[in-house]
Amino acid sequence: MLMEMTLENLLSEGQLNHADFLARVDILGALGRTVMISKFGEYYRLAGYLSRYTNRMVGIVMGVPSLLEIFDEKYYLNLEGGILEALGRMFKGGLKLYVYPIIDEKTGQIVTATQIQVAPNLRSLFQYLIDNQFIEEISEYNPEYLRIYPPDALAKLQSGDGGWEHMVPPEVVQIIKERGFFGYRPPKAA
């Protein structure tokens, strides 16, 4: 299992914060994960790279928001074949997407991979990928984790609110405190 982190997403947010990026790598390493740093901004490029180095099946785990991005045609304007070319490249080697649900903030309902709404012209393509099990819902998860939002945890961490500690694994709490990652401030005395 590899945990891939792309520099592309961080660069798109403006200036790359090297300390923040390396802190993320250290945290994943502390959790016993192998981290791969890439410059693949598109999933089809990542899938192509991974499939070159294995003859085994490749699976990518993502959340519903990332799946929605995959079905947003604006990301494929640079490809002659558009979204169809990108998805063809992505799934040609038997790639499988494992998709973690989210909670719809407006309704409070859990939204799974098969429940998302894609553009009308993409519905048949999306259904094809579901029917042929290229996209699979993750069904075993802790629903309470769906209510944890990284920006909230970061805001608590930086403000000295100890509530962030219940939002991440204990190993992550320890390394953040020891190394002062992400602007960590000790909790304020009551």
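Let me sum up the structure you'll find in this document. Everything numeric here is computed off the predicted structure, so don't read it as measured data.

**Here's the deal with the packing of aromatic side chains**
Applying the stated rule across the entire model yields nine aromatic pairs. Plain terms: the ring middles of F71 and F126 are 5.2 Å apart, the flat faces sit at 90° to each other, and that makes the pair edge-to-face. Separated by 55 residues along the polypeptide, F71 in the loop between α4 (64–70) and α5 (82–91) and F126 in helix α6 (residues 123–131) bring together distant segments of the chain. With respect to class, F71 is no different from F126; both count as buried. Considering the side-chain rings of Y128 and F134, the 6.3 Å spacing of their centres and the 25° angle between planes classify their relative orientation as stacked. Taking relative accessible area as the criterion, Y128 reaches 45% and is therefore assigned partly exposed.

**Section: the environment of L46**
Tracing the backbone shows L46 in helix α3 (residues 43–52). With relative accessibility at 6%, the residue L46 sits in the buried group. Distance in space between the C-alpha atoms of L46 and A19 is 24 Å, their sequence separation being 27 residues. Aside from chain neighbours lying at most four places away, what touches L46 is E4, M36, F40 and I60.

Definitions and cut-offs
Residues numbered from 1 in each chain as written. Predicted model: local features only at pLDDT ≥ 70, side-chain atom pairs only at ≥ 80, totals over all residues. Heavy atoms only, no water. Phe/Tyr/Trp six-rings, centres within 6.5 Å; stacked < 30°, edge-to-face > 60°. Helix = DSSP H or I, 4+ residues; strand = E, 2+ residues; numbered from the N terminus. Buried < 20%, exposed > 50% of the residue type's maximum accessible area, 1.4 Å probe, protein only. Contact = heavy atoms within 4.5 Å.

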